[in-house]
Amino acid sequence: MGLTKQYLRYAASAVFGVIGSQKANIAFVTMRGGERGRFVAVAACEHVFIWDVRKAEKVLILKGNKHEVTYLCPSPDGIYVAVGYEDGAVRIFSLLNGESNVSFNGHKSAVTVIRYDTLGSRLVTGSRDTDVIVWDVINECGLYRLKGHKDAVTQALFLKDKNLLVTSSKDSFVKWWDLDTQHCFKTMLGHRSEVWGMALLNQESRLITGSADSELRAWDINYLQEVSTEEEAGEPKEKKGKSLLDDDDDEEEEEVVDESPEERILSCKKAGSLLREARDRVVSMTTDAKAKVLACHVSIDLLMLVQSYLPSSNSDLLSYISQITNVMCAAALWCRDAQHAEDAPEPVVERKLANEIVRLTNIKASANIRWVDCLMCAGGELKVAMLLQNNTVETYSLKTSDKNPTGIKTSRLTLGGHRTDARTLAFSSDNIAVLSASGDTVKVWNRSTLQVIRTMACDYALCSLFVPGDRQIILGTKSGKIQIFDLASGTLLETVDAHNGALWSLCLSPDQRGIVTGGADKTVKFWEFELIKDEDAAQKRLTVKHVRTLQLDEDVLCVKYSPDQRLLAVSLLDCTVKVFYTDTLKFFLSLYGHKLPVLCLDISHDSALIATGSADRNVKIWGLDFGDCHRSMFAHDDSVMFLQFVPKTHLFFTAGKDKKIKQWDADKFEHIQTLEGHHREVWCLAISPNGDHIVSSSHDKSLRLWERTREPIILEEEREMEREAEFEEGMDKGDEPVVPGENKDAEAAPAAKKTIETVKAAERVMEALELYRSESRKMEEHQIACQSAGKHLPPPKANPILVAFGNVSPSRYVLDVIKKVRSSELEVSLLVLPFPYIPDLLSLFNCYVQDGLEVELVCRCLFFLLRIHFGQISSNQMLLTVIDELRINTISKVREIRDVLGFNSAGLQFLQREVESKEEIMFFADATGLLKEKRRKRKKRERAILTIA
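What counts, and where the lines are drawn
Throughout, residues of each chain are indexed from 1 in the direction in which the sequence is written. Whole-chain, interface and lining totals are the exception, using all residues; otherwise, since this is a predicted model, local features are given only for residues with pLDDT of at least 70 and side-chain atom pairs are given and counted only at 80 or more. Values reported for side chains reflect all heavy atoms of the structure, with hydrogen atoms and water molecules removed beforehand. Pairs of cysteine sulfur atoms within 2.5 Å are identified as disulfides in what follows. When a residue's accessible area, from a 1.4 Å probe over protein chains only, is under 20% of the maximum for its type it is buried; when over 50% it is exposed; and in between it is partly exposed. Pairing between strands is defined by DSSP: at least two bridges between them are needed. The way it works is that DSSP assigns letters per residue, a run of H or I at least four long becomes a helix, a run of E at least two long becomes a strand, and they are numbered from the N terminus. Interaxial angle, 0 to 180 degrees, is taken between N-to-C directions of lines fitted to C-alpha atoms, where a helix line uses only the stretch in contact. Note: pLDDT gives the predictor's confidence per residue, expressed from 0 to 100. Here, residues are in contact when the closest pair of their heavy atoms is within 4.5 Å. Throughout, nonpolar core names a set of buried Ala, Val, Leu, Ile, Met, Phe, Trp, Tyr and Cys residues whose side chains join them through atoms within 4.5 Å. Polar contact criterion, stated in full: a pair of N or O atoms within 3.5 Å, where within protein one must be able to donate a hydrogen and the other to accept it, and residues adjacent in sequence count only if both atoms are side-chain atoms. Each pair of aromatic rings taken from Phe, Tyr and Trp, with Trp reduced to its six-membered ring, is defined by centres within 6.5 Å and is described as stacked if the planes are under 30 degrees apart, edge-to-face if over 60, and tilted in the remaining cases. Definition used: whenever NZ (Lys) or CZ (Arg) falls within 6 Å of the ring centre and also within 35 degrees of the ring normal, the charge is taken to sit over that ring. How far a helix is expected to stretch is found by multiplying one less than its residue total by 1.5 Å. The labels follow the angle: roughly parallel below 35 degrees, roughly antiparallel above 145, roughly perpendicular from 65 to 115, and oblique for the rest. Like charges are joined within 9 Å and nonpolar side chains (Val, Leu, Ile, Met, Phe, Trp, Tyr) within 5 Å, but only among residues with over 30% relative accessible area and no salt bridge; these make up the patches. For the accessible areas, the method is Shrake-Rupley and the probe is 1.4 Å, while residue cover comes only from the protein chains on display. In what follows, salt bridge is the name for a side-chain nitrogen of Lys or Arg lying within 4 Å of a carboxyl oxygen of Asp or Glu. Under the convention used here, Asp and Glu are negative, Lys and Arg are positive, and both His and the chain ends fall outside the count. One atom stands in for each charge, and that atom is NZ of Lys, CZ of Arg, CG of Asp or CD of Glu.

A.B. asks: When you look at the state of the cysteines in this model, what are you seeing that I'm missing?
C.D. replies: Linking two cysteines covalently via their sulfur atoms produces the bond known as a disulfide. Counting across every chain of the model gives 0 disulfides. Not part of a disulfide, cysteine 507 finds its nearest cysteine sulfur in cysteine 558, a span of 8.3 Å. Judged by its relative accessible area of 9%, cysteine 507 falls in the buried class.

This is the structure in structure tokens:
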């Protein structure tokens, strides 16, 4: 059966126009061969862009799938970047090649925080679903899920030398977790509102928390094991005085803090407060790698930098404030009587928060700050990167060693995007240039390279077009003016006062001799192009001349010529569309039926159909001969913002506030395909004159390019794919997997979650076990037939699946299927398996261990299955012998593997010592240190040469 009508698929081609999305943070990264502080990573919708701030260009794109990026965290070694997404997934990308080989899926909603531990082997993630999950990066699996918070997690920090974790949340609590036992041993209750950020200072002996009020709270952390050791050694316990910055009600807050006598790990008491200048809530808090400088910012354009001078012991404290001590002693001795001078006690030096944490400086950005990251470089130079709310990245540099350091702006990324949403788009006649205009600028892009050709300042633009010849562009603004720009010089040629209200729509006449405009002043005006010569100019320039005016009763929202220039369609605020004759401006038709105003309309190339899109979410198709409504279709889940026919066809595209772009057939009244990709409302789109490209603009600041492919669309398959996507989305929102015998309300739970991938993996394992059973049954029947015949019969025909995998045995095929399951999804996939498959799987595990095949993977699967099916396995008499054999074989094989690893490790250490003693060279960490020292000396020598020159 052939296709009666062929539709070609449009596919996403590129994302441009966005410098940094507001949902995710900004982070300094290190690229191969690049200096520190030169590259920053920012989210760009579902992708991650790596920007070179010195050259203001993209050097790497980490491509995502379809969900928006919500958090970034580079690894301690600088090679990888962990990226969290809106759907709760976490992917780890390599900065060397931009590929992702590790992914975790455990959260139900957006990831709000990601942190690596010191070695980079573990990862902690927090989410809006209130859960905290610890992941094993090396083994690529989840360790455990920590439950306890009642609202979104805002921050999570590993402690370096201790297996502890501290988390903060919007439920106003800060929780301390013991990762050895996976339970919360302390909850801090000293905040009146949400805790939006926190940081560890002074070698993790001080915690700074930021809340919705105007103070930063400081907490002293005492590790009780260390305290008890010091007391046994006879060292005096440090005495702490009250800070001058403390409020009168601090004592009440200290009483609220949970100080249970059963604490055996640490104690946390409030040390004081730092008052901020701004009254808005803290948005984020971050420190440099050594926690010397703390950056705290609010939603306004002010960033506060605080430097920590926290001493590590009493002796360091006394040396730090020795000047204050001398002044106090001198004042005390001056007032004492000479005979009592020797007997009087020396003044007590109190440890004050104001002396330990000093405000460094404030940095004022050019717009409101969304995210901040800081990096301490050589020579005490602090680099600060800011992601602003107007789609801009700024970097600052300051010397912390100066007496009064000031932030110096070093770079600003603005060229690659608009500061506000692009509200109008247009294609040039040669399909090469793309025009986008926003509230302050108009940009012209090269479609093939996606580079900006021209950037010109303008008023708030609402509509635009290229003048025939593509040398000038015309904009209609919110103030009712027409602005004409010259592309060659990038200058504004003329501004014409066209309407008294907003100029909502303009359209080029089919004879290309003029334009028509419609505005909020209830008028439609006709203009003709004209070349005039200024007195001070040598060449003529383009202008527009007003020739006619059509007065209407309501505000005009959209105007459109019919391609034959016989009719003019005007959309009004009274929910109707009026059609007039172009030559006489006489009324022809009134199209009424929409319940809300028509925001967009377009006429087909043969002037036979007119399609209208309204705020009532419907699209109506009308005939222009009699004005009859052919069909009304529910198009979007929100207002239809834009509509345009594909040139020379009866196919048209619509864009809506529901973040979707849809293609329709105006003849068969069918929905063809949906283009998903934008994460906010879609404002407008433009189709190239040849129909091969579409560009769209959204509230997420991004411009997206779509290309027409040669792949045909079968509508039945398209509907089936949509139903499968809905089913998979519903499955992802399912409950967490329940492990038999475990408490569902416990603080610790399994990390992974049930997804469509885990279900498919379990199905593949079950299919492999079914194949193994059938092949085993065939072999048994073949052996029985050979015995009864008394001779060797030809073997049965091999299964085509086994032949496709290289004639492997059925047992080896099952192992290959298990190996292909992602490490992070293995436990959940095994949890889905029904128990009737478990006996066969345990028998296969015994064979694998005996043969030494994938012993580590088999032991991991074995221990998990024993834990979740312990009751059924232990009560099954048939499995007792299998379990006993597994016990013996696994212990022996694991010992063999451990002995081999120990022997190899000892041999490598011996070879290292031999090579170092013979050739007098150092390996690994020492070699890295020598290389850095060599580079530092070379740079110093180059600077000296430049100074002499």
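A.B. asks: Looking at this structure, how should I read the sheet that holds strand β31 (residues 433-437)?
C.D. replies: Backbone-to-backbone hydrogen bonds join strands into a sheet, with any given pair of strands oriented parallel or antiparallel. A sheet is described by the order of its strands in space; here 4 strands give the open sequence β30-β31-β32-β33, paired in antiparallel fashion. Either end of the sheet is taken by a strand with one partner, and the two such strands are β30 (424-427) and β33 (452-457). Going across the sheet, the axis of each strand differs from the next one's by a mean of 15°, ignoring polarity. As defined by bridge partners, β30 adjoins β31 across 4 bridges and the pair is classed as antiparallel. Among the inter-strand pairings, leucine 425 is bridged to a residue of β31, identified as serine 436.

A.B. asks: What exactly am I supposed to notice about the pairing of strand β54 (residues 682-687) here?
C.D. replies: Remember that side chains alternate between the two faces of the sheet whenever the strand is regular. Counted residue by residue, β54 has 6 buried out of 6 residues, so it is predominantly covered. Relative to strand β55 (residues 693-698), β54 runs antiparallel, the two being bridged by 5 bridges. Bridged to valine 682 within β55 is serine 698. Adjacent in sequence and paired antiparallel, β54 and β55 are bridged by 5 residues, among which glycine 691 carries a positive phi angle near 75°.

A.B. asks: It is not clear to me how the confidence of the model for the protein chain should be interpreted in this structure. Could you clarify?
C.D. replies: Atom-level detail of predicted coordinates should not be read off regions where pLDDT is low. In this model, the protein chain carries an average pLDDT of 84, and 85% of its residues clear a pLDDT of 70 or more. The model gives residues 327-342 a pLDDT under 50, and that stretch makes 8 contacts with residues more than four places away or in other chains.

A.B. asks: Explain the nonpolar core to me, please; I cannot follow it from the model alone.
C.D. replies: Proteins that are soluble and globular tend to have nonpolar side chains buried together. With 37 residues, the main nonpolar core has Val814, Ile818, Leu830, Leu841, Leu842 and Phe845 as its most contacted residues. The set of elements that each furnish at least two residues to this core consists of α7 (756-789), α9 (810-819), α10 (826-832), α11 (838-851), α12 (855-868) and α14 (880-919). Once you skip the residues sitting within four places of it in the chain, isoleucine 818 turns out to touch Val765, Leu826, Leu841, Phe845, Leu857 and Cys861.

A.B. asks: Sorry, what's going on with the side chain of histidine 149 here?
C.D. replies: Among the secondary structure elements, histidine 149 is positioned in the loop between β13 (141-146) and β14 (153-158). A distance of 2.7 Å separates a polar atom in the side chain of histidine 149 from a polar atom in the side chain of threonine 167. A polar atom in the side chain of histidine 149 sits 3.3 Å from the side chain of aspartate 171. Excluding its chain neighbours within four sequence positions, the residues that come into contact with histidine 149 are Thr130, Thr167, Ser168, Ser169, Asp171, Phe173 and Lys175.

A.B. asks: Just checking my understanding: could you explain the packing of aromatic side chains for this structure?
C.D. replies: We describe a pair of aromatic rings using the distance from one ring centre to the other and the angle between the two ring planes. For the structure shown, the criterion picks out 9 aromatic pairs. A centroid spacing of 6.0 Å and a plane angle of 75° characterise the contact between phenylalanine 580 and phenylalanine 587, whose relative ring orientation is edge-to-face. The ring centre of tyrosine 460 lies 4.9 Å from the NZ or CZ of lysine 478, which sits over that ring.

A.B. asks: Looking at this structure, how should I read α7?
C.D. replies: Each turn of an α-helix holds 3.6 residues, which means side chains three or four residues apart point in the same direction. Spanning 34 residues, α7 covers 49 Å between terminal C-alpha atoms, matching the ideal 50 Å at 1.5 Å per step. Two residues or fewer past α7, glycine 790 is found with a positive phi of approximately 75°.

A.B. asks: For this particular structure, what's the right way to read the packing of α7 against α9?
C.D. replies: Direction vectors running N to C along α7 and α9 enclose 175°, while the axes themselves pass 9 Å from each other. Taken as axis vectors, α7 and α9 run roughly antiparallel relative to one another. Seen from α7, the contacting residues are Arg764, Val765, Ala768, Leu769, Leu771, Tyr772 and Glu775; seen from α9, they are Pro810, Ser811, Tyr813, Val814, Val817 and Ile818.

A.B. asks: How do you make sense of a positive patch on the surface when you look at a structure like this?
C.D. replies: A cluster of basic residues, Arg36, Lys290, Lys292, Lys932, Lys934, Arg935, Arg938, Lys939, Lys940, Arg941 and Arg943, forms a positive patch on the protein surface. Its place among the elements puts lysine 290 in the loop between β22 (284-287) and β23 (293-297).

A.B. asks: What is the right way to look at the pattern of salt bridges in this model?
C.D. replies: Side chains carrying opposite charge are able to pair once their charged atoms draw close together. Here the structure, examined in full by the defined rule, presents 32 salt bridges. Arginine 860 is paired through a salt bridge with glutamate 827; the nearest N and O atoms lie 2.9 Å apart. Separated by 33 residues along the polypeptide, arginine 860 in helix α12 and glutamate 827 in helix α10 bring together distant segments of the chain. Note on arginine 860: relative accessible area 18%, which makes it buried. Between lysine 893 and glutamate 896 there is a salt bridge whose closest N-O contact spans 3.8 Å. Of this pair, lysine 893 and glutamate 896 are both found in helix α14, 3 residues apart, which corresponds to roughly one turn of the helix. A residue is classified by how much of its surface remains accessible, and glutamate 896, at 44% relative accessible area, is partly exposed.

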